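Structure at a glance
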Amino acid sequence: MSGSVGVALLGAGNIGSGVIAALVRSAGRYAARVGRPLEVRHVLVRDMLRPRPGVASGLITGDLGVILEDAETRIVIELMGGEEPARAYIERCLRAGRHVVTANKEVMAKAGGELLQIAHEHGVRLLYEASVGGGIPIIAPLSRDLLANEVTAVTAIINGTTNYMLTAMAQQGADYEDVLAEAQALGYAEPDPTADVEGIDASFKLAVLCGLAFNVAVAPEQIARQGISGIAAVDIAYAEQLGYVIKLLARARLVDGEVEATVQPTLVPVEEPLAKVDGVLNAVQIEGDLVGRVVFEGPGAGPGPTASSVLADVLDAAQDVVAGRAPLAFVPRRTVRVRPPEEHRSRYYLRITVQDRPGVLARIAQALGDAQISIASFIQYEVEGAEGTAELVFTTHHADGGALRGAIGVIEAMDVVQEIGNVLPMAGEEAAR
Ligand code: NDP
Ligand code: HSE
């Protein structure tokens, strides 16, 4: 073995170039931590002709085989994104006895259990701190520091792009499209930002967190999901009047041995810690039987914070390489029932646009009452520039998701109802079933 620890990158885009820059800038400090220098030996990209400032052209390759044939490359850092070929490349690296560090939440959400098993069988590590919460340490604390707890709930803001957007829309009245473009320019968004704004990225991250927090396998498609594209400025304004802010909340609970998992724009009471997590910040709140409630907060996206997490894993794996340490035991994930949204209980915010006529409110209240949904508060607003139209904003006490869906169907069919503007869950005082 040479005097250095060989490293290869798969991907040198937004995050990969940040990782390479930090490896150069902090080479001396990292060498001191590991006991040997880290040496970047290969950088795999799609477009081999594109100029890559700071990367020697001799390192660039388009062929994973070149990396796997190089016995000096001990750690592979996957920063390509997307499911394939990233998943297949990770698997090939693990099977070839390479430690792998990845920031890829899609792969870890869809195939993490299987890949961790393969890593274990081949005596190597698969590390993924950067896959959730950008620069926030959360994978390592759940894997180690909180292990003695039975974790019962995870409540998180785990998408930097949407939190940046919702904050700017609430605090500056910013326009949705403008603020999305800003988040993209700052390097927060996924290559296809639909993954951010439709809650897909957050559902991948929540699936990863469920695996660690509850040791259960939850597939992303089992997570009830709603993005922020349907949030109107009026919803943000009404929420504020009610004493709430709207956040894209990822929530998972273990209830009677079953899992409830959702990613939805949610009204969060202003006094809750998560309501104050603004801009690109993310936060993950964990509830455990021993520790009570802990909150991890920090920058959730961007090249610097993400490189911080990626490189922590690289240094960890490099220390293992130098010490010749074997990976820890692998505990396969349990399979439990994941409750459909109809069985979730929550308080709800409803915004309904109606004809402003006698008896309309009574009919809507009746439909909610028939479904056993109790109204907690109600406000009627006149719609500016639309005479004869009113906007009704209700909040409810805890109700079953299925009952609410039924009542909304009845209300939507009423001739006096113009539009169901929005139906959003409200956080706080979780319901006991
Ligand atoms: P980019 O799209 O900026 O970069 C992707 C890189 O991978 C590019 O260098 C690209 O090559 C290369 N690549 C993509 N597909 C292939 C392929 N088939 N073969 C070879 N090379 C390929 O993505 P990001 O850097 O923004 O994201 C990387 C990962 O980090 C993703 O998994 C993302 O979810 C994750 N992440 C991102 C965060 C953020 O703040 N943006 C935060 C945390 C995680 P080329 O340059 O030639 O196009
Ligand atoms: N697009 C992701 C976000 C990157 O905005 O949170 C961090 O995973």
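Here the structure is a predicted model, which means the values were calculated and not measured.

As a further point, take the site of ligand 2. The full set of residues close to ligand 2 is K105, N159, G160, T161, Y188, A189, E190, D196, D201, K205, G300 and A301. Here an oxygen atom of ligand 2 sits 3.4 Å away from a polar atom, N or O, in the side chain of N159. Between E190 and ligand 2, the recorded distance is 2.7 Å, taken from a side-chain N or O atom to a nitrogen atom. The protein chains hide 94% of the 260 Å² of surface that ligand 2 would expose on its own. Contributions of two or more residues to the shell around ligand 2 are made by α7 (160-172) and α10 (200-213). Partitioning the shell around ligand 2 into residue classes produces three nonpolar, four polar and five charged.

One finds L94, L126, I138, I158, L206 and F214 to be the most contacted residues of the largest nonpolar core, which totals 84 residues. The element that contributes the greatest number of residues to this core is α10, accounting for nine residues. Core analysis: the next-biggest nonpolar cluster, separate from the first, contains 31 residues, A12, L79, L311 and V314 among them.

This part covers the environment of I364. Considering the arrangement of structural elements, one finds I364 in helix α13 (residues 360-370). Spatially, the C-alpha atom of I364 lies 70 Å from that of A71, the residues being 293 residues apart in sequence. Excluding its chain neighbours within four sequence positions, the residues that come into contact with I364 are I352, V354, L392, F394, I411, M414 and V417.

Along strand β5 (residues 99-102), one buried face is formed by H99 and V101 and the opposite face, lined by V100 and T102, is buried too. Here strand β4 (residues 73-78) runs beside β5; their pairing, made up of four bridges, is parallel. Bridging across to β5, E78 finds its partner in T102. With helix α4 (residues 86-95) bridging β4 and its parallel neighbour β5, the resulting β-α-β unit is right-handed. One ladder, built from two bridges, connects β5 with strand β6 (residues 126-127); its direction is parallel. Across the sheet, V101 pairs through a bridge with L127, a residue of β6. You can see the chain leave β5, run along helix α5 (residues 105-121) and come back into β6, and the turn it takes is right-handed.

An order of β3-β2-β1-β4-β5-β6 is seen for the six strands of this open sheet, with the pairing classed as parallel. Each end of this open sheet is capped by a strand with a single partner; those strands are β3 (60-61) and β6. Here strand β2 (residues 38-44) pairs with β3 via two bridges, running parallel. When the bridges of β3 are listed, V43 appears paired with I60.

A ring pair, where both rings are aromatic, is described by two values, the distance of the centres and the angle of the planes. Considering all chains together, one arrives at three aromatic pairs under this definition. Both rings, one in Y164 and one in Y188, keep their centres 5.6 Å apart while their planes meet at 70 degrees; by these two values the pair is edge-to-face. Of this pair, Y164 sits in helix α7 while Y188 sits in the loop between α8 (176-185) and α9 (194-197), and the two are 24 residues apart along the sequence. Here Y164 matches Y188 in class, with each residue buried. Considering the side-chain rings of F378 and F394, the 5.0 Å spacing of their centres and the 35 degrees angle between planes classify their relative orientation as tilted. Placement of the pair is F378 in strand β14 (residues 375-382) and F394 in strand β15 (residues 389-396), with a sequence separation of 16 residues. Taking the relative accessible area as the measure of exposure, F394 reaches 1% and is therefore buried.

Helical geometry: 3.6 residues make up each α-helical turn, so side chains three or four residues apart lie on a common side. Counting buried positions along α4 gives seven out of ten residues, so the element sits mostly inside the fold. When α4 is considered as a whole, its buried residues turn out to be A86, R87, Y89, I90, E91, C93 and L94. Immediately downstream of α4, the backbone of G97 shows phi near 80 degrees, a positive value.

Let us now look at the domain arrangement of the protein. Split by domain assignment, the protein resolves into domain 1 (5-134 + 303-323), domain 2 (146-299) and domain 3 (345-426). Computed from C-alpha atoms alone, the centre-to-centre distance between domain 2 and domain 3 is 25 Å. Across the boundary between the two partners, domain 2 contributes 16 residues, which contact 15 residues of domain 3. Taken over both partners, the interface formed by domain 2 and domain 3 buries close to 1300 Å², and the fraction arising from carbon and sulfur atoms is 54%. A per-residue breakdown of the area domain 2 buries against domain 3 is headed by Y238, L242 and L267, which together make up 42% of the total. In this structure, the connection of domain 2 to domain 3 is made through one salt bridge. In this structure, the salt-bridge partner of R351 is D235, at a minimum N-O distance of 2.6 Å. For the pair domain 2 and domain 3, the interface holds eight residue pairs in polar contact (both at pLDDT 80 or more). Elements with a minimum of two residues in the side of domain 2 that touches domain 3: α11 (233-242), β9 (244-255) and β10 (258-269). Ranked by the residues each element gives to the side of domain 2 that touches domain 3, the list is headed by α11, at five residues. Among the residues forming the side of domain 2 that touches domain 3, the class breakdown is nine nonpolar, five polar and two charged.

So, how was this worked out
- Residues numbered from 1 in each chain as written.
- Chains lettered and ligands numbered in written order.
- Predicted model: local features only at pLDDT ≥ 70, side-chain atom pairs only at ≥ 80, totals over all residues.
- Heavy atoms only, no water.
- Near = heavy atom within 4 Å.
- Polar contact = N/O pair within 3.5 Å; in protein donor to acceptor, adjacent residues only side chain to side chain.
- Areas by Shrake-Rupley, 256 points an atom, 1.4 Å probe, with all protein chains shown as cover.
- Helix = DSSP H or I, 4+ residues; strand = E, 2+ residues; numbered from the N terminus.
- Nonpolar A, V, L, I, M, F, W, Y, C, P; charged D, E, K, R; others polar.
- Core = buried A, V, L, I, M, F, W, Y, C linked by side-chain atoms within 4.5 Å.
- Buried < 20%, exposed > 50% of the residue type's maximum accessible area, 1.4 Å probe, protein only.
- Contact = heavy atoms within 4.5 Å.
- Pairing = 2+ DSSP bridges.
- Right-handed = clockwise from strand over helix to strand, strands pointing away.
- Phe/Tyr/Trp six-rings, centres within 6.5 Å; stacked < 30°, edge-to-face > 60°.
- Domains from an automatic or database assignment.
- Buried area = accessible area lost by both parts, 1.4 Å probe.
- Salt bridge = Lys/Arg side-chain N within 4 Å of Asp/Glu carboxyl O.

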